[in-house]
Amino acid sequence: MRRLWGRANSVNVQKALWGLDESGLAYERVEAGGAHGVVADPAYRAMNPNGLVPVLQEDGFALWESNAILRYLADGAEGALRLPDDRRERAQVQQWLDWQATSFTPAMRDAFWQLYRATPETRDHALIADSLEWSEALAAILDRHLAGRAFVVGARFSIADIALGCAAHRWLALPAERVERPEIRRWYDALAQRPAAARIFAAPIS
């Protein structure tokens with residue numbers, strides 16, 4: 001039995017859900033995190049000592065960190081998740097996965113938390129402004145990279161598109177003024193035509 005532990009409105013869980021749906025593998029999602037609790041339970045901490053979501057569980061094997069789950073699903077996969085044959089293209093997939101996790105998503109984190117989870121009277125507007133400024137610089141990098149490209153790496157969809165697609169979904173939905181990035185928008189709109197992506201993008205952001 002394959003299980004994915006995590007709440008469906010978590011961006012990191014969404015990456016894993018999208019990857020699983022693209023892979024065609026059967027799985028069960030188990031609510032965990034946020035209002036669902038579970039993550040502090042000893043049995044859960046035995047799978048993920050960090051107490052975070054998601055966790056992918058397969059026959060006694062447990063894997064945490066959303067991009068590690070994407071890499072695991074793509075390793076040896078056929079079909080949509082198959083990694084590029086070219087070694088350098090495979091390295092670029094890894095590069096953009098790391099950039100999403102260490103640069104783009106951290107940049108927008110404060111803006112997201114303040115605009116979605118803080119009440120209007122408690123929002124730190126200086127923190128929001130700094131986060132948006134940092135995020136804009138990174139969005140410009142991604143926009144330039146996507147010019148003339150259908151996907152993030154090479155001519156095929158990859159797990160880099162999943163990781164960055166989920167991040168871009170939150171960026172584009174932020175209730176704040178942003179510079180229009182036509183290449184990001186074109187790429188995002190094309191991703192939204194994929195059934196697995198459409199399910200993720202249709203979920204409420206919170």
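On a predicted model such as this, the values are computed, not experimentally measured, just so you know.

K.L.:
What's the story with the pattern of salt bridges in this structure? I'm lost.
P.N.:
For side chains bearing opposite charge, pairing can occur when the charged atoms are close. On inspection of all chains with the given rule, the structure shows nine salt bridges. Salt-bridge contacts for Arg-29 lead to Glu-31; the nearest nitrogen and oxygen are separated by 2.9 Å. You can call Glu-31 partly exposed: its relative accessible area is 33%. The residue Arg-181 makes a salt bridge to Glu-136 at a minimum N-O spacing of 2.8 Å. Placement of Arg-181 in the loop between helix H6 (159-173) and helix H7 (182-191) and of Glu-136 in helix H5 (residues 125-146) is noted, with a sequence separation of 45 residues between them. As far as burial versus exposure is concerned, Arg-181 and Glu-136 are alike and both buried.

K.L.:
Just to check I follow, could you spell out the side chain of Ser-131 for this structure?
P.N.:
Residue placement: Ser-131 occurs in helix H5. The exposure class assigned to Ser-131 is buried, which follows from its relative accessible area of 3%. Here Ala-107 takes part through its backbone oxygen, which lies 2.5 Å from a polar atom of the side chain of Ser-131. If sequence neighbours within four positions are ignored, Ser-131 has contacts with Ala-107, Met-108, Arg-109, Asp-110 and Ala-111.

K.L.:
Looking at this structure, how should I read the nonpolar core?
P.N.:
It is characteristic of soluble globular proteins that their nonpolar side chains tend to be buried jointly. In this structure, Trp-18, Phe-104, Leu-142, Ile-159 and Trp-187 are the most contacted members of the largest nonpolar core, which totals 63 residues. Beyond its immediate stretch of four places on either side in the chain, Ile-159 contacts Leu-70, Arg-71, Ala-74, Leu-81, Leu-83, Val-93 and Leu-97.

K.L.:
When you look at the packing of helix H1 (residues 11-23) against helix H3 (residues 66-74) in this model, what are you seeing that I'm missing?
P.N.:
Between two packed helices, both the angle of their axes relative to each other and the distance between the axes serve to describe the pair. Here H1 crosses H3 at 10 degrees, and the two axes come no closer than 8 Å. Relative to H3, the element H1 is oriented roughly parallel. Every residue of H3 that contacts H1 at Asn-12, Lys-15, Ala-16, Gly-19 and Leu-20 is listed here: Ser-66, Asn-67, Ile-69, Leu-70 and Leu-73. Classifying every residue of the contact of H1 with H3 by side-chain character gives five nonpolar, four polar and one charged.

K.L.:
What exactly am I supposed to notice about the UniProt feature "domain: GST C-terminal" (unreviewed entry) in the protein here?
P.N.:
Residues annotated in UniProt with the feature "domain: GST C-terminal" (unreviewed entry) correspond here to residues 86-206. The span residues 86-206 is 71% helical and 0% strand by assignment, and the distance between its end C-alpha atoms comes to 38 Å.

Calculation notes
Residues numbered from 1 in each chain as written. Predicted model: local features only at pLDDT ≥ 70, side-chain atom pairs only at ≥ 80, totals over all residues. Heavy atoms only, no water. Salt bridge = Lys/Arg side-chain N within 4 Å of Asp/Glu carboxyl O. Buried < 20%, exposed > 50% of the residue type's maximum accessible area, 1.4 Å probe, protein only. Helix = DSSP H or I, 4+ residues; strand = E, 2+ residues; numbered from the N terminus. Polar contact = N/O pair within 3.5 Å; in protein donor to acceptor, adjacent residues only side chain to side chain. Contact = heavy atoms within 4.5 Å. Core = buried A, V, L, I, M, F, W, Y, C linked by side-chain atoms within 4.5 Å. Axes fitted to C-alpha atoms, helices over the stretch in contact; angles between N-to-C directions. Parallel < 35°, antiparallel > 145°, perpendicular 65-115°, else oblique. Nonpolar A, V, L, I, M, F, W, Y, C, P; charged D, E, K, R; others polar. UniProt positions renumbered as here; feature names shortened; annotations may be inferred.

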